[in-house]
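A structural walkthrough
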Amino acid sequence: MEKRDKDITTPPASVPFDDTDTSSYLEGDEVQARLDFGGLFSNRFTNIMLRYSPANGPTELYTATRYGKRYVLKGLKEQFRNDPIHNLALAKEFEIGISLDHPNIRRTLGLETVDGIGQAIVLEYFDGITLADYISSGAVTTATARMIAGQIADALVYIHSKQVFHRDLKPSNILVSHQGDVVKIIDFNLSDSDEFIILKNPAGSRRYMAPEQMDPKARPTAGSDIYSFGVILDELAAATGDDKLAEVADRCTARNPERRPQSVSQIRMPATHPSAMQSVSDFLSSKTLTYVMLCVCAALAAADIYMLF
């Protein structure tokens, strides 16, 4: 028994024992001082770069990193940072955004004071392009158009369930992943609800605004967002030749608000996967077919020239 105790407490002779070695028990501050992780453990934003500063409008967007992750920061332009009305509008946008949690809405994460920017809304970074650019690229198919439309509709149902109205729904305020399979509605700058007392005047982009919203006394409604949604559907339908999507667009853009669907949940969206006939129609009207035909014509022309000689 005594021998076993001695074996446990005495280190082997071949391994020197130094009871003054405390390297394994450094205090936390000492350990961090010896390590160099740059800004990995800092809660300050770094790599702040201006991303978008519109000619009109008081806000601008930045990208930044924190803890190695990218974010979008939305703040006021320098000339508006001390304006109480614009600060109130920024706070309102934050309060609306932070109340929304949906996979097809860009997440609002916080409101912070950032060096060089001032008060800024911290937003989720999403790697994609605007729906306007996606449509212009010619990459939209009937299937992707219907998928995009369905995700926008799902997000609108959720937004309206929170008694919030977007008021500026348009392709440039919708982000799409590069594969076209994920949609994010962004920019609640003009959004409103009954809880807020500012920005009750008509707002939005004229092409996408419902006719009744031109009245200075108009109040934001789900019907006005549905009209904007219909204009977007019409653009998607025009880009793909989708007659069924065009029919839905016609119902949503009726000039009389009472003739539109009264809620987004009442809109019957066409199935995501089109019929075989629609797929053929997509191919016949696609840029791919145009490219193939040009190549064939060029090859035939080259063959004719070769035969002449």
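Anything mentioned here points back to the structure above.
Here's a quick rundown of the structure. (Residues numbered from 1 in each chain as written. Predicted model: local features only at pLDDT ≥ 70, side-chain atom pairs only at ≥ 80, totals over all residues. Heavy atoms only, no water.)

1. Quick word on the overall build of the chain
The helix and strand tally for the chain stands at nine helices and 10 strands. At a minimum sequence separation of 6, the contacts of the chain that also span at least 24 residues come to 59%. Of the roughly 18,700 Å² that the chain leaves accessible, carbon and sulfur atoms contribute 55%. (Helix = DSSP H or I, 4+ residues; strand = E, 2+ residues; numbered from the N terminus. Contact = heavy atoms within 4.5 Å. Areas by Shrake-Rupley, 256 points an atom, 1.4 Å probe, with all protein chains shown as cover.)

2. Looking at the packing of helix H6 (residues 222-240) against helix H7 (residues 243-252)
A pair of packed helices is captured by two measures, namely the crossing angle of their axes and the spacing between those axes. Look at H6 against H7: their axes get within 8 Å of each other, and the N-to-C directions meet at 155 degrees. Relative to H7, H6 is oriented roughly antiparallel. Considering how the two elements wind past one another, H6 and H7 form a crossing that is left-handed. Where H6 approaches H7, its residues Ile226, Tyr227, Gly230, Leu233, Asp234, Leu236 and Ala237 are matched on the opposing element by Leu245, Ala246, Val248, Ala249 and Cys252. Broken down by class, the residue content of the contact of H6 with H7 amounts to 10 nonpolar, one polar and one charged. (Axes fitted to C-alpha atoms, helices over the stretch in contact; angles between N-to-C directions. Parallel < 35°, antiparallel > 145°, perpendicular 65-115°, else oblique. Left-handed = near helix turned anticlockwise from the far one by under 90°. Nonpolar A, V, L, I, M, F, W, Y, C, P; charged D, E, K, R; others polar.)

3. Describing the side chain of glutamate 93
Turning to its location among the elements, glutamate 93 is positioned in helix H3 (residues 84-98). Residue glutamate 93 is classed as buried on the basis of its relative accessible area, which comes to 6%. Within polar-contact distance, the side chain of glutamate 93 engages the side chain of lysine 74 at 2.8 Å. Excluding its chain neighbours within four sequence positions, the residues that come into contact with glutamate 93 are Lys74, Ile121, Asp187, Phe188 and Asn189. (Buried < 20%, exposed > 50% of the residue type's maximum accessible area, 1.4 Å probe, protein only. Polar contact = N/O pair within 3.5 Å; in protein donor to acceptor, adjacent residues only side chain to side chain.)

4. Remarks on the sheet that holds strand S8 (residues 174-177)
Spatially, three strands are ordered S6-S8-S9 in an open sheet, and the strand pairing comes out antiparallel. Either end of the sheet is taken by a strand with one partner, and the two such strands are strand S6 (128-130) and strand S9 (183-185). Put simply, the sheet's adjacent strands are angled 30 degrees from each other on average, direction ignored. Here S6 runs beside S8; their pairing, made up of three bridges, is antiparallel. Its bridge partner being in S8, glycine 128 is matched across the sheet by serine 177. Against the sheet, helix H5 (residues 142-161) engages S8 and S9, with an angle of about 35 degrees to S9. (Pairing = 2+ DSSP bridges.)

5. Describing the layout of surface pockets
In this model, the largest pocket occupies a volume close to 870 Å³. In terms of lining, the largest pocket is formed by 36 residues, of which the most central are Tyr52, Leu61, Asn173, Ile186 and Asp187. Breaking the lining of the largest pocket down by element, the ones donating at least two residues are strand S1 (46-52), strand S2 (59-66), strand S3 (69-76), H3, strand S5 (118-124) and S6. Of the residues assigned to the lining of the largest pocket, the class counts are 15 nonpolar, 12 polar and nine charged. (1 Å grid on protein atoms, 1.4 Å probe; cavity = no way out; pocket = protein on both sides within 12 Å on 5 of 7 lines; lining within 4 Å. Points joined across faces, edges and corners; volume = space filled by probe spheres on them.)

6. Focus: H6
The first and last C-alpha atoms of H6 sit 27 Å apart over 19 residues, in line with the 27 Å expected at 1.5 Å per residue. For H6, a buried count of 16 out of 19 residues is recorded, marking the element as mostly surrounded by other parts of the structure. (Expected span 1.5 Å × (residues − 1).)

7. Here's the deal with the pairing of S5
If a strand is regular, its side chains alternate between the two faces of the sheet. With five of seven residues buried, S5 lies mostly within the body of the structure. In terms of strand pairing, S3 meets S5 through five bridges, oriented antiparallel. For lysine 74, the partnering residue across the bridge sits in S5 and is isoleucine 121. Across six bridges, the pairing between strand S4 (residues 108-114) and S5 is antiparallel. Residue pairing for S5: glutamate 112 is matched across the bridge by alanine 120.

8. What to know about the side chain of aspartate 168
Checked against the element boundaries, aspartate 168 lands in the loop between strand S7 (164-165) and S8. Side-chain polar atoms of aspartate 168 contact the side chain of serine 205, separated by 3.1 Å. Each residue touching aspartate 168, except ones within four places of it in the same chain, is listed here: Asn173, Leu190, Gly204 and Ser205.

9. Examining the pattern of salt bridges
Under the definition given, this model contains 11 salt bridges. A salt bridge links aspartate 242 to arginine 146; the shortest N-O distance between them is 2.7 Å. With aspartate 242 in the loop between H6 and H7 and arginine 146 in helix H5, the pair connects residues that are 96 residues apart, well separated along the chain. Taking the shortest distance from any N to any O, the salt bridge between aspartate 168 and lysine 170 comes out at 3.7 Å. (Salt bridge = Lys/Arg side-chain N within 4 Å of Asp/Glu carboxyl O.)

10. A closer look at the nonpolar core
The biggest cluster of nonpolar side chains holds 39 residues, and the ones touching the most others in it are Leu131, Ile152 and Leu236. Elements supplying a minimum of two residues to this core: helix H4 (131-136), H5, S8, S9, H6 and H7. Looking at this core element by element, the count peaks at nine residues for H5. Phe45, Val114, Ala120 and Val122 belong to the second largest nonpolar core, which has nine residues in total. (Core = buried A, V, L, I, M, F, W, Y, C linked by side-chain atoms within 4.5 Å.)

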